[in-house]
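Residue strings, one per chain:
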Amino acid sequence: MSQPEQRWNLPAYPAHPPYPTRAPQVGPTVTRPAGAVDLRPAGPVAQGPAGQVLPNPYTPGEVAWDLPGREAELSRIEQTLDRVAQDGASTAPPTVFLGPEGSGKTSLLRSAEDLARSKGYAVAWVPGVQGQPVLADLMTAVERALEAVDIAPRAASPRWDKLRVELGGFGAKVGAEFGRPPEPEEPQDGRVLATEEMLRSAGRATRERGAGEGGAGLLVVLDDLHAPAAGETGILVTALQNLAQAWEPASVVVLGSGLPSAPGHLMQTSAYAEQFGFEQLRPLEPAEAARALYAPARQVGVTWEPEALARTAERAGGNPQLLQLLGSTTWAAASPQRGGAITEAHADRGWEVAQERLATLHRGRWDASTVEQQTFLEAMASQSRPTVPREAIAESTGMPMRQVSQLRDQLSDRGIITQGRDGELSFAVPGFVDHVRDTTGWTPPRHRGAPDAGGPPALDTGRQGQPRHRAEPTVDGEAASVPAPRHRPAATDDGLSRSVRQQRRELPPASGPAQGPRR
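Procedures and definitions
- Along every chain, residues carry numbers that run from 1 in the direction the sequence is written.
- Given that this is a predicted model, residues contribute local features only at a pLDDT of at least 70 and side-chain atom pairs are listed and counted only at 80 or more, while totals for whole chains, interfaces and linings are drawn from all residues.
- Water and hydrogen atoms were dropped before computing side-chain values, which therefore reflect all heavy atoms in the structure.
- For helices the rule is a DSSP run of H or I covering at least 4 residues; for strands it is a run of E covering at least 2, with both sets numbered from the N terminus onward.
- Think of it in three bands: with a 1.4 Å probe and only protein chains considered, a residue is buried below 20% of the maximum accessible area for its type, exposed above 50%, and partly exposed in between.
- Any two residues having at least one pair of non-hydrogen atoms within 4.5 Å are treated as being in contact.
- Only the contacting stretch of a helix is used when fitting its axis, a line to C-alpha atoms as for every element, and angles between N-to-C directions run 0 to 180 degrees.
- Throughout, a crossing is termed right-handed when the near helix is turned clockwise from the far one, and left-handed when it is turned anticlockwise from it by less than a right angle.
- Lys, Arg, Asp and Glu make up the charged group, whereas Ala, Val, Leu, Ile, Met, Phe, Trp, Tyr, Cys and Pro make up the nonpolar group; the residues left over, Gly among them, are polar.
- Definition used in this section: a nonpolar core is a set of buried Ala, Val, Leu, Ile, Met, Phe, Trp, Tyr and Cys residues joined via side-chain atoms within 4.5 Å.
- Any two strands are treated as partners once DSSP identifies two or more bridges connecting them.
- pLDDT expresses how confident the predictor is about each individual residue, on a scale running from 0 to 100.
- Any two of the Phe, Tyr and Trp rings considered here, Trp counted by its six-membered ring, make a pair once their centres fall within 6.5 Å; the pair's planes then place it as stacked at under 30 degrees, edge-to-face at over 60, or tilted in between.
- Whether a charge sits over a ring depends on NZ of Lys or CZ of Arg being within 6 Å of the ring centre and within 35 degrees of the ring normal.

Now for the overall build of the chain. The secondary structure content of the chain amounts to 17 helices and 13 strands. By the burial criterion, 49% of the 519 residues in the chain qualify as buried. Taking as baseline every contact in the chain between residues at least 6 positions apart, the subset at least 24 positions apart corresponds to 73%.

In structure tokens:
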């Protein structure tokens, strides 16, 4: 019996393609069998002379021009922008998008920026810098946003120059100095009110321009909101609270991004952060990942063979940044011409090149970690499951739960690991778990019934002299990772081996200066 037919009206291309000469067009309707997953976006193939050398359409490390899988987030952003543009009221508490490195947070916010500009908003983009003040950068970003819509900052408020001084901007307070003024040790009430007044004045001035002239309001985008110094972050959050709760409309929308650890940091600065709308960005589904690869190539007249497309999408694991990297390296391996196709061989070569680049990044992350952080990561990588509870790390390393929690927070802040809703931990950086295992000489656990080579596996100390793990079956037959016997002098042991020996009463507690990263 023939399968019923299902019609798919597939999306064509984003509103802002990387090549301005190719205007977006609506793709034709195609017919697919019911239940089939079509990984090819419909739409016309770009026309041009065959054999033409084409630029690489993938953008690793840059803002992606197509955001498959983020339609729901963009829809909610648009609803908020429309509501504020229509009634002029202040927005609800800020919306902050959370995710590990490479999850597409910045690309999503850049798309929101373009959407807001098209609706008449002035947009102030504020990048967070680790441990640095944020208010002076916020003031500068708002000034540039006003100037972009032909509003002089002093026209927004007669007190603008005074506000600049109060917020630490490069004005009369700083003079000709090039350095940034030090952050105050404690939040100052005057700076909270100055921040509130600055944002309210800018939003009102933009609103008063009128419809059709950029008169919707002010969008403030706070990228990497987990990074700035806590003191000034608390001032900013409190000022946003005042804006949201005041009777006078401010016409200000605030969006942000941060690592999964951002909620905890923000809530420590102000209780109002508990009312923020935190949204976790999920990994892309296979069909969404395939579209992220196929659509840019299709736009310039190149196709992907189905197996190459599926294999590359699977290797990326739903990570948008890794998708762009694999797309870029595969494209370079193929050097396709208009009308050409990307094959499995191209995909495999692109994967090899991408792995070489990722290995450099992984080595940097590992070498920048302290001995305790490396011990923590090694314990995570030694578990034969994708997520690891803190209790397993404490048991494997002998660390107290308090130290485990501290290291978890440190590694989360660096974007190396992430914590799920159930509290279990996983590696946030694609491929990093394999790098840790290769570096530390980890071997998969032996399960009951597996052939034995005639004794326990040899201890592989590697070039760094790290402690290694071997697997022994438990009572129920499941393999558990346990520390292998140590035979090195105590002076060469790291935190993991010391703690295990202490537990086994083979070595008295050691003390001494903290060790730096293992090289």
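Next comes the rest of the account.
Viewed as axis vectors pointing N to C, helix α1 (residues 71-87) and helix α2 (residues 105-118) meet at an angle of 35 degrees, and their least axial separation amounts to 10 Å. Relative to α2, the crossing made by α1 is right-handed. Mapping the contact onto sequence places Glu 73, Leu 74, Ile 77, Glu 78 and Leu 81 in α1 and Leu 108, Ser 111, Ala 112, Leu 115 and Ala 116 in α2. Across the contact of α1 with α2, the residue classes tally to seven nonpolar, one polar and two charged.

Right, let's get into the nonpolar core. For soluble globular proteins, the rule of thumb is that nonpolar side chains tend to be buried together. Leu 138, Val 142, Trp 160, Met 198, Leu 199, Leu 218 and Val 220 are the most contacted members of the largest nonpolar core, which totals 43 residues. Broken down by element, this core gets its largest block of residues, seven residues, from helix α3 (residues 135-148). Not counting residues up to four positions away in its chain, the partners in contact with Leu 218 are Tyr 121, Ala 122, Ala 124, Ala 145, Leu 199, Ala 202, Gly 203, Ser 251, Val 252 and Val 253. Leu 284, Ala 290, Val 302 and Leu 323 belong to the second-largest nonpolar core, a separate cluster that totals 26 residues.

Within the chain, Asp 224 stands out as a residue other than glycine whose phi angle is a positive 55 degrees. Within the fold, Asp 224 resides in the loop between β5 (217-223) and α7 (230-245). You can call Asp 224 partly exposed: its relative accessible area is 27%. Here the phi dihedral of Ser 335 falls at roughly 45 degrees; this positive angle occurs in a residue that is not glycine. Mapped onto the elements of the fold, Ser 335 is located in the loop between α11 (320-334) and β9 (341-342).

Turning to the pairing of strand β4 (residues 121-127), a few remarks are in order. By the criterion of burial, β4 is predominantly enclosed, with six of the seven residues buried. The sheet contact formed by β4 and β5 spans seven bridges and is parallel. Bridge pairing links Tyr 121 to Gly 217 in β5.

Judged by pairing direction, the sheet is parallel, and its five strands sit side by side in the order β4-β5-β6-β3-β7 without closing on themselves. Edge positions in the open sheet fall to β4 and β7 (277-280), since each of these has one partner strand only. Between one strand and the next, the sheet's axes are offset by a mean angle of 20 degrees, whatever the strand orientation. Contacts from helix α8 (residues 262-269) reach β3 (95-98), β6 (252-258) and β7, with the element oriented near 165 degrees to β7.

Those residues of helix α16 (residues 432-440) not exposed but buried are Phe 432, His 435, Val 436, Arg 437, Thr 439 and Thr 440. Where α16 is buried, its residues meet α12 (344-367), α13 (371-381) and β11 (425-427). Once α16 finishes, Gly 441 follows within two positions and takes phi at roughly 75 degrees, a positive value.

Glancing now at the confidence of the model for the chain. Chain-level statistics for the chain give a pLDDT mean of 76 and a share of 70% at 70 or above. Every residue in residues 171-187 scores below 50 in pLDDT, and together they form 22 contacts with partners more than four places removed in sequence or on other chains. Low pLDDT, under 50, characterises residues 447-519; the stretch is placed with 120 contacts to residues that sit more than four places away or in other chains.

In this section: the packing of aromatic side chains. Counted under the stated rule, the structure contains four aromatic pairs. Aromatic side chains Phe 276 and Phe 278 sit 6.0 Å apart centroid to centroid with 35 degrees between the ring planes, which places their arrangement in the tilted category. In textbook terms, an aromatic cluster arises when at least three aromatic residues are bridged by ring pairs, as seen for Tyr 272, Phe 276 and Phe 278. Looking at Arg 110, its charged tip hangs above the ring of Trp 125, at a distance of 3.5 Å from the centre.

Quick look at the environment of Leu 74 now. Note that Leu 74 resides in helix α1. The spacing of Leu 74 and Ser 111 is 37 residues in sequence and 8.0 Å in space, taken between C-alpha atoms.

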